[in-house]
Amino acid sequence: MDAVYFLHQENPPTWASVKHANLGMERTSRGKFEGGDALWEESRLGTYADSEIRLVEIQEKLCSEEEKAFDQCHHLAEEHEALLEEWWFKSKASYPDIFYFLCIDKLLVCCPENHFGSDCKPCLGGLVNPCSGHGQCKGGGTRKGSGLCRCDLGYNGELCEKCKIGYYNDTSVNGSWQCTKCDVSCKGHCREAGPKGCEVCADGYYYSIELGCVGKSSYFDLFLF
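The shown structure was predicted, so the numbers you read here are calculated from the model rather than taken from an experiment. (Residues numbered from 1 in each chain as written. Predicted model: local features only at pLDDT ≥ 70, side-chain atom pairs only at ≥ 80, totals over all residues. Heavy atoms only, no water.)

Turning our eyes to something else, we now look at the pattern of salt bridges. Applying the stated criterion to the full structure yields one salt bridge. Measuring nitrogen to oxygen at the nearest pair gives 3.3 Å for the salt bridge that ties Lys 106 to Glu 86. Linking Lys 106 in helix α7 (residues 98-106) with Glu 86 in helix α6 (residues 81-91), this pair joins segments that are 20 residues apart in sequence. Judged by its relative accessible area of 40%, Lys 106 is partly exposed. (Salt bridge = Lys/Arg side-chain N within 4 Å of Asp/Glu carboxyl O. Helix = DSSP H or I, 4+ residues; strand = E, 2+ residues; numbered from the N terminus. Buried < 20%, exposed > 50% of the residue type's maximum accessible area, 1.4 Å probe, protein only.)

So this is what it looks like as structure tokens:
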């Protein structure tokens, strides 16, 4: 799960800095001590990978990519500096991703992906495919929200498992299903794509056995030939 969610729970404009902390880990992953004798420094000070020098370098650039709330980002980084150091020196091996250590376990601000609420309960529909893959879990990834599904356009039902009126169950896409909008000539439900899939024709359209729901001019043209 992207650590950006952590910062967005406590202070929406600035919580991207936890993501930047992870990016800092990547940027410095191949680094080493600078200076005349790196081998001597590592033998006396320990490896660069777990050094305080590397932590300082990460902290210095922690908010460098936060354009909209640079000052707030620095304030929050200073506020949680002790926890950041605890993670770096004592818990990094157990928590490779700072998001889980800081946001979920220590500050109790976030939940794992597809969990919600104060107890981090699973979202409706299960952890693998909540809301049938056609909606968003309300409060997912946070300690807030109801866990109910907010369905994507065209879907409804408790688990977003149905199509709204004006959409039909389309199974032609990669063997899966999705709700696709009915043709403009349809009123209400339809069975498939195009004018022939309409159950009822929309106002201004007439039903033809050959063509389905067609406009007035097209309908009367059928009788001229």
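Glancing now at the packing of helix α4 (residues 52-60) against α6. Interaxial distance between α4 and α6 falls to 11 Å at its minimum, and their mutual angle equals 135°. Classified by the interaxial angle, the pair formed by α4 and α6 is oblique. Considering only the axes of α4 and α6, their crossing is right-handed. Between α4 and α6, the residues in contact are Glu 52, Arg 54, Leu 55, Ile 58 and Gln 59 and Glu 81, Leu 84, Glu 85, Trp 88 and Phe 89, respectively. A breakdown of the residues in the contact of α4 with α6 according to their chemical character gives five nonpolar, one polar and four charged. (Axes fitted to C-alpha atoms, helices over the stretch in contact; angles between N-to-C directions. Parallel < 35°, antiparallel > 145°, perpendicular 65-115°, else oblique. Left-handed = near helix turned anticlockwise from the far one by under 90°. Contact = heavy atoms within 4.5 Å. Nonpolar A, V, L, I, M, F, W, Y, C, P; charged D, E, K, R; others polar.)

Turning next to unusual backbone geometry. In this structure, Leu 108 is a non-glycine residue whose phi angle is positive, near 55°. Among the structural elements, Leu 108 can be located in the loop between α7 and β1 (115-116).

Let us look at the nonpolar core. In this structure, Leu 55, Ile 58, Leu 83, Leu 84, Trp 87, Trp 88, Ile 98, Phe 101 and Leu 102 together form the largest nonpolar core, which totals nine residues. Where this core is concerned, the elements lending two or more residues are α4, α6 and α7. Considering every element that reaches this core, the biggest residue donor is α6, with four residues. Once residues within four sequence positions are removed from consideration, Leu 55 is found in contact with Leu 84, Glu 85, Trp 88 and Phe 89. (Core = buried A, V, L, I, M, F, W, Y, C linked by side-chain atoms within 4.5 Å.)

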